[in-house]
Amino acid sequence: MLPIVDKPIIQYGVEEALHSGIQNIIIVTGRGKSAIEDHFDVSFELEYLLESRNKKELLAIVRNISDMIDVSYVRQKEALGLGHAVLRAMELVGHEPFAVVLADDVIEAETPALRQLLDIHSFFGAPVLAVMEVPAENISSYGAIDAEPVSHNGCHDRLFRIRNLVEKPKQSEAPSNLAIIGRYVLTPEIFDSLQAIDPGSGGEIQLTDALKHLLRSRPIYAYRFEGTRYDAGDKLGFLKATVEFALRRRDLGGPFLEYLKGLKL
Ligand code: G1P
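We now turn to the structure provided with this report. (Residues numbered from 1 in each chain as written. Predicted model: local features only at pLDDT ≥ 70, side-chain atom pairs only at ≥ 80, totals over all residues. Heavy atoms only, no water.)

### Some thoughts on the overall build of the chain
Of the regular secondary structure elements, the chain holds eleven helices and twelve strands. What you see for the chain is a C-alpha radius of gyration of 20 Å, in line with the 18 Å of a compact globule of 265 residues. By the burial criterion, 40% of the 265 residues in the chain qualify as buried. Looking at the chain alone, contacts between residues at least 24 apart form 73% of all its contacts between residues at least 6 apart. Of the roughly 15,000 Å² that the chain leaves accessible, carbon and sulfur atoms contribute 50%. Of the side-chain charges in the chain, 29 are positive and 38 negative, and the distance between the mean point of each set is 3 Å. (Helix = DSSP H or I, 4+ residues; strand = E, 2+ residues; numbered from the N terminus. Rg over C-alpha atoms; globule rule 2.2 N^0.38 Å. Buried < 20%, exposed > 50% of the residue type's maximum accessible area, 1.4 Å probe, protein only. Contact = heavy atoms within 4.5 Å. Areas by Shrake-Rupley, 256 points an atom, 1.4 Å probe, with all protein chains shown as cover. Lys, Arg positive; Asp, Glu negative; His and termini not counted. Charge placed at Lys NZ, Arg CZ, Asp CG, Glu CD.)

### Quick notes on the pattern of salt bridges
Under the counting rule described, the total for this entry stands at 15 salt bridges. For the salt bridge of Glu258 with Lys261, the shortest nitrogen-to-oxygen distance reads 3.9 Å. Here the residue Glu258 and the residue Lys261 both occupy positions in helix α11 (residues 253–261), the gap between them amounting to three residues, near one helical turn. The network of salt bridges with common partners includes Asp6, Arg249 and Asp251. (Salt bridge = Lys/Arg side-chain N within 4 Å of Asp/Glu carboxyl O.)

### Details of the environment of Ile4
Residue position: Ile4 is located in strand β1 (residues 3–4). The exposure class assigned to Ile4 is buried, which follows from its relative accessible area of 0%. In the structure, Ile4 is positioned 234 residues away from Phe238 in sequence and 7.6 Å away in space, judged by C-alpha atoms. When neighbours within four sequence positions are excluded, Ile4 is seen to be in contact with Ile9, Tyr12, Val106, Ala232, Phe238, Ala241, Thr242 and Phe245.

### A look at the nonpolar core
In terms of nonpolar packing, the biggest core is built from 29 residues, with Phe40, Tyr223 and Phe225 touching the most fellow members. Secondary structure elements with two or more residues in this core: α1 (9–19), β3 (24–29), α2 (33–40), α7 (113–124), β7 (128–133), β10 (178–186) and β11 (221–224). Counting residues per element, this core draws most heavily on α7, which supplies five residues. Excluding residues within four positions of it along the chain, Phe40 makes contact with Ile10, Gln11, Val14, Ile27, Ile69, Val71 and Tyr73. Core analysis: the second largest hydrophobic core is formed by 28 residues, Val100, Ile180, Phe191 and Leu214 among them. (Core = buried A, V, L, I, M, F, W, Y, C linked by side-chain atoms within 4.5 Å.)

### Remarks on the side chain of His152
Looking at where His152 falls in the secondary structure, it is placed in strand β8 (residues 143–152). A residue is classified by how much of its surface remains accessible, and His152, at 13% relative accessible area, is buried. Not counting residues within four places of it along the chain, the set of residues in contact with His152 comprises Ile120, Phe123, Phe124 and Leu159.

What follows is the structure in structure tokens.
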């Protein structure tokens, strides 16, 4: 719920899903559930207040968000890993392809990153994950892939067919510096893999390990998406996102830039 400028981080992820054509959202929560639920709820009191005070623009924004989405919540009682969190949504997802968005990864892109992955998924009918190149010394913070490039739409360096995946490898053992970023389009077979695997890195059920398990029976693709990713789960990444998003705002950008220029750096 921590805001970047004036919007909670989680809302950037939800809006990216909406702008990618996804309307049914399942939020897997731990603690802080009620604050998140309240945020996405249609609030009768808030709408009434805005209406009575004639705040038409604000009212339109509130209505717009609550009209567009259908949000359900699932509780992950213990933090047993990303794979475990995804497994908690199994019943609600059912037998359809679905997307996973890790809201800490905020991505600015002309075409939403998730939409880019969905387009690849529509073409190949296979699971697709987002990847980006990271400096070699940082790869141990991510899932890393070993993959061969696949030509697609006249482009030879964006799409990859995955050969192997490793969660949080040591720098010396990483198969590449292509890191998994928190966007996935998955097919329901992943749930069988999540149930079949043992805990991995950090003693947690890892989505990366389930994907490696699934790779034995299915092709899986990785897409080096177009856009800028901010790691809002990291203090420096959060600050960078805050400064850059504020500078881009029509109402704040000018005065904020003036302020920054006035700092004795
Ligand atoms: C998770 C995934 C990891 C991925 C990362 C992207 O790790 O397990 O494979 O690279 O998200 O942000 P976490 O950051 O939750 O430790």
